[in-house]
Amino acid sequence: MTAACPACSAAPLALETASGPALQFSVPSVHCAACIGKIERGLAHLNGVLSVRVNLSMKRLSITGPVDPDQVLTAVEDLGFEVFALDSASLQVAQDSVGRSLLTRMAVAGFAMMNVMLFSVAIWSGATDSTRDLFHLISAAIALPVVLYAGQPFFRSAWSALRVRRLNMDVPISLAILLASAMSLFETLQGGTEAYFDAALSLTFFLLIGRYMDHRTRSAARSAARELTALEVHTAERLTGDETKTVAVTDLEVGDIILVPTGARVAVDGVLLSADALMDRSVLTGESAAVTLKSGDILQAGEINLTAPLRLRAMTVGADTSLRRMAELVETAENARNSYTALADRAAQIYAPAVHTLALVALLGWWFATGDFRHSLNIAIAVLIITCPCALGLAVPAVSTAAVSRLFSAGFLVRHATALERLAEVTRIVFDKTGTLTRPTVQLPIDMTKEEKSVAKALAQSSFHPLSRALVNTLTDVPAAAVDNIEEIAGQGVSGIYQGQTVQLGRGPWLGAQHSGLCLRVGDAAALPLEVPEALRAGVAEAIGALDLPCEIVTGDTDLPAQTLAAKLSLPVISNASPQAKIDRLQTLSDEGERVLMVGDGLNDTAALAKAHASIAPSTALEASRNAADIVILKDSFADLPLIIRVARATRRLSQQNFAIAAVYNCIAVPIALAGFATPLAAALAMSLSSLTVLANAQRMRFIQ
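Procedures and definitions
- Residues numbered from 1 in each chain as written.
- Predicted model: local features only at pLDDT ≥ 70, side-chain atom pairs only at ≥ 80, totals over all residues.
- Heavy atoms only, no water.
- Helix = DSSP H or I, 4+ residues; strand = E, 2+ residues; numbered from the N terminus.
- Buried < 20%, exposed > 50% of the residue type's maximum accessible area, 1.4 Å probe, protein only.
- Areas by Shrake-Rupley, 256 points an atom, 1.4 Å probe, with all protein chains shown as cover.
- Salt bridge = Lys/Arg side-chain N within 4 Å of Asp/Glu carboxyl O.
- Contact = heavy atoms within 4.5 Å.
- Core = buried A, V, L, I, M, F, W, Y, C linked by side-chain atoms within 4.5 Å.
- Axes fitted to C-alpha atoms, helices over the stretch in contact; angles between N-to-C directions.
- Parallel < 35°, antiparallel > 145°, perpendicular 65-115°, else oblique.
- Pairing = 2+ DSSP bridges.
- Phe/Tyr/Trp six-rings, centres within 6.5 Å; stacked < 30°, edge-to-face > 60°.
- Lys NZ or Arg CZ within 6 Å of the ring centre and 35° of its normal.
- pLDDT = per-residue confidence, 0-100.
- Patch = residues over 30% accessible without salt bridge, like charges linked within 9 Å, V, L, I, M, F, W, Y side chains within 5 Å.

Draft legend 1. Inspection of the overall build of the protein chain at higher detail. Scanning the protein chain from terminus to terminus reveals 25 helices and 27 strands. The buried share of the protein chain, reckoned over its 705 residues, is 54%. For the protein chain, the computed accessible surface area is about 29100 Å², with 58% contributed by carbon and sulfur atoms.

Here's what the structure looks like:
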């Protein structure tokens, strides 16, 4: 039996949870929750689409289902958004080009703004008549081309929405910039005393600062999914006979022999052919200590070879590697669609018509009250800008991305979109025992025959139960017997047919033995007891001591070992629990008002993991158990288990705080703008500040310990 690493064990979750082929697209013009809602609703009705998700942090569209990519591209463009087929190799370059473009436009707008302000100072200082008109014309010559150039990010986004009869947050921004410029040009051509070219440029300049800071904040808080993608290797050394050739990873096939030089990352998942290897898996599992592997062990893409060059045989390549699957799972979790997201989506849907209606009411109301159209238009422009829902759109995605990335860096893979929201509500924790809290070893009887050892190994290696794997590790020098019709009975053991007789490995009572622990029975012979001393999994005692929630153990193990462990950890315990008994216990706790977190790893835990309010499984768990869990612990130690609860609670708290920030901003800013106390420039500053405040608040997640 080969040894699989935790990350590799967790990776196959992507295939089991996938609903169909995944398509990835880049949507660089997505800026807010309203954009996300429009795309997801617009594509949900396409033929073949099973699910649609837009990741705001990565500006990425993910679609599952048998749908034509060209159909998706056309549909997204019809919705008014730029969309490109995703090229993961050049994605970061594209992100950097966006930042450079914003920075260049911001610099041009700032330089022009300072020059126009010089003429404005002269006019304010007393320049009149022809001198004033000349300064206004010079200001117009400088300002208008710069506004048209520097404001393109807003204008393009607004036009993309308007041409398909939709509204987005850049429509009022563009309208405000163009109205300020047009009003100033009209005043200049009419020989008026006032023009606002400096205000139009200042408005553009500060709006670009906000957009650039938003871009930089997102880039600095790179998601865990993007970090995983960055670990992918693009070339590999393929061995053909005695010849080594450098080839693109996309050209590799299953079965290829690959040479991994010292210090290089592994390009694909494969079986180690060299005698041994020392590997760094810290990025994938969170474990800083290097791992020693033997011939036949599993390597996965992304880990680093620390010793001599090694050879491996490719098992999975391309999109099927564990690294790529983990990246897809992390990205899905980062784009969590929880109740807070739904609230933000509903608010964003009503924003566009509401803000334009509010601006029109302000224009007409002030014009009717004062008779001054220019002053009324200024107030309407300020209302258009100050009510932009950027902060609301960023409130949840910024926190979700930061939370999933924080947990992944600590060695936890978040699998489900609502996992953190449900974990924050947990009031009680139920632990399985064997394989979860303890790591068993097996001591073989002195009089155990070689045939019995071979039969035991054949039965054990067909099971993923912790005791079975411990037995396989003990019987490394024994060949497995030819056992047929092997079947695993949840909570009991494994049975099969060997040379015409029934052989069984499992709990003593199941085999009719007095011994309550692990036993082997061959044919009609008496069951042979196997001693199974257990040791606590690393970090368990520290984790339980640090948890601020009531905990208990519910295990299928017998009374004596269960009570011994419970006494050591000072926890209540229920022993001899069948899979149904575990479900019944969870139901009882739920009926009492508890929201239970289940932590387990075995086949008999799978139903309980699915039943619980939230669930966690170690990466060494049975595959079915990992599939049922909300979070997979990638490393061996449980010491950081309390961190999951703290991050989940922080996610809820920071999301609520961000909603509060957005709400307070609008409650204060909108009345000020309607009352005429906010200029368009002040509105631009306030809008940018609210967005940056929300993003900065989300980054507090990085400091959760």
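This is not the end of the story, as more comes after the structure.
Draft legend 2. Highlighting the pattern of salt bridges. A full pass over the atoms with the stated rule returns 8 salt bridges. Through salt bridges with shared partners, a single ionic network connects Arg428, Glu552 and Arg585.

Draft legend 3. Region of interest: the environment of Arg646. Tracing the sequence through the fold places Arg646 in helix H24 (residues 641–674). The partly exposed category is assigned to Arg646, whose relative accessible area is 35%. A C-alpha to C-alpha distance of 9.3 Å links Arg646 and Leu423, two positions 223 residues apart in sequence. Beyond its immediate stretch of four places on either side in the chain, Arg646 contacts Ile704 and Gln705.

Draft legend 4. Main features of unusual backbone geometry. You will see that Asn485, though not glycine, has its phi angle at about 55 degrees, which is positive. A residue is classified by how much of its surface remains accessible, and Asn485, at 62% relative accessible area, is exposed. If you check the backbone angles, Asn576 has positive phi at about 55 degrees while not being a glycine. By secondary structure assignment, the location of Asn576 is in the loop between strand S24 (573–574) and helix H21 (579–591). With relative accessibility at 41%, the residue Asn576 sits in the partly exposed group.

Draft legend 5. Layout of the side chain of Thr438. The topology assignment puts Thr438 in strand S16 (residues 438–440). When sequence neighbours within four positions are dropped, the list of residues in contact with Thr438 reads Lys433, Glu534, Ala535, Leu536, Arg537 and Leu565.

Draft legend 6. Representation of the nonpolar core. Leu423, Ile429, Phe431, Leu597 and Met701 are the most contacted members of the largest nonpolar core, which totals 49 residues. By residue number, the principal contributor to this core is H24, which donates 8 residues. Apart from the residues within four sequence positions on either side, Phe431 is in contact with Leu437, Ile544, Leu547, Cys551, Glu552, Ile553, Val554, Val599 and Leu641. Ala112, Val146, Leu363 and Leu377 belong to the second-largest nonpolar core, a separate cluster that totals 44 residues.

Draft legend 7. Broad picture of the packing of helix H6 (residues 129–150) against helix H7 (residues 152–162). Where H6 contacts H7, the axes come no closer than 5 Å and their chain directions differ by 60 degrees. Between H6 and H7, the interaxial angle falls into the category oblique. For the pair H6 and H7, contact is made by Val147, Leu148, Tyr149 and Ala150 and by Gln152, Pro153 and Phe155, respectively.

Draft legend 8. Main features of the sheet that holds strand S12 (residues 304–305). With antiparallel pairing, 3 strands are arranged side by side in an open sheet as S10-S9-S12. The open sheet is flanked by strand S10 (291–294) and S12, the only strands paired with a single partner. Taken together, the 2 bridges between strand S9 (residues 276–280) and S12 define a ladder with antiparallel strand orientation. Within S12, the residue paired with Met279 across the bridge is Asn305.

Draft legend 9. How the structure looks around the sheet that holds strand S20 (residues 518–522). Read across the open sheet, the 5 strands follow the order S17-S18-S19-S20-S21; overall the sheet is antiparallel. Of all the strands in the sheet, just strand S17 (484–489) and strand S21 (528–529) have a single pairing partner and so form its edges. Where strand S18 (residues 493–498) lies against strand S19 (residues 501–507), 6 bridges are found, and the strand directions are antiparallel. Its bridge partner being in S19, Ser495 is matched across the sheet by Gln504.

Draft legend 10. Structural context of the packing of aromatic side chains. The full count for this structure, using the stated rule, is 1 aromatic pair. Seen from their ring centres, Trp367 and Phe373 are 4.9 Å apart, and the 65 degrees between their planes marks the pair as edge-to-face. Overall, Trp367 belongs to the partly exposed group, its relative accessible area being 41%. Its end group placed over the ring of Tyr149, Arg105 keeps NZ or CZ at 4.6 Å from the ring centre.

Draft legend 11. Focus on the confidence of the model for the protein chain. The predicted model of the protein chain averages 77 in pLDDT, with 81% of residues at 70 or higher. Mean pLDDT values for the elements of the protein chain range from 37 in helix H1 (residues 6–10) up to 92 in strand S15 (residues 428–431). Note that residues 1–21 has pLDDT below 50 and, in this model, 58 contacts with residues that lie over four places away or in other chains. Counted against residues more than four places away or in other chains, residues 88–94, with its pLDDT under 50, gives 5 contacts.

Draft legend 12. A look at a nonpolar patch on the surface. A cluster of nonpolar side chains, Leu360, Leu364, Trp367 and Phe373, forms an exposed patch at the surface whose accessible area comes to about 400 Å². The greatest single-element share of the nonpolar patch, amounting to 3 residues, is contributed by helix H13 (residues 339–370). Summarising the element assignment, Leu364 is placed in helix H13.

Draft legend 13. Inspection of the environment of Leu674 at higher detail. Considering the arrangement of structural elements, one finds Leu674 in helix H24. Owing to a relative accessible area of 28%, Leu674 belongs among the partly exposed residues under this scheme. For the pair formed by Leu674 and Ala362, sequence separation is 312 residues and the distance between their alpha carbons is 6.2 Å. Beyond its immediate stretch of four places on either side in the chain, Leu674 contacts Leu358, Ala362, Trp366, Ile379 and Val383.

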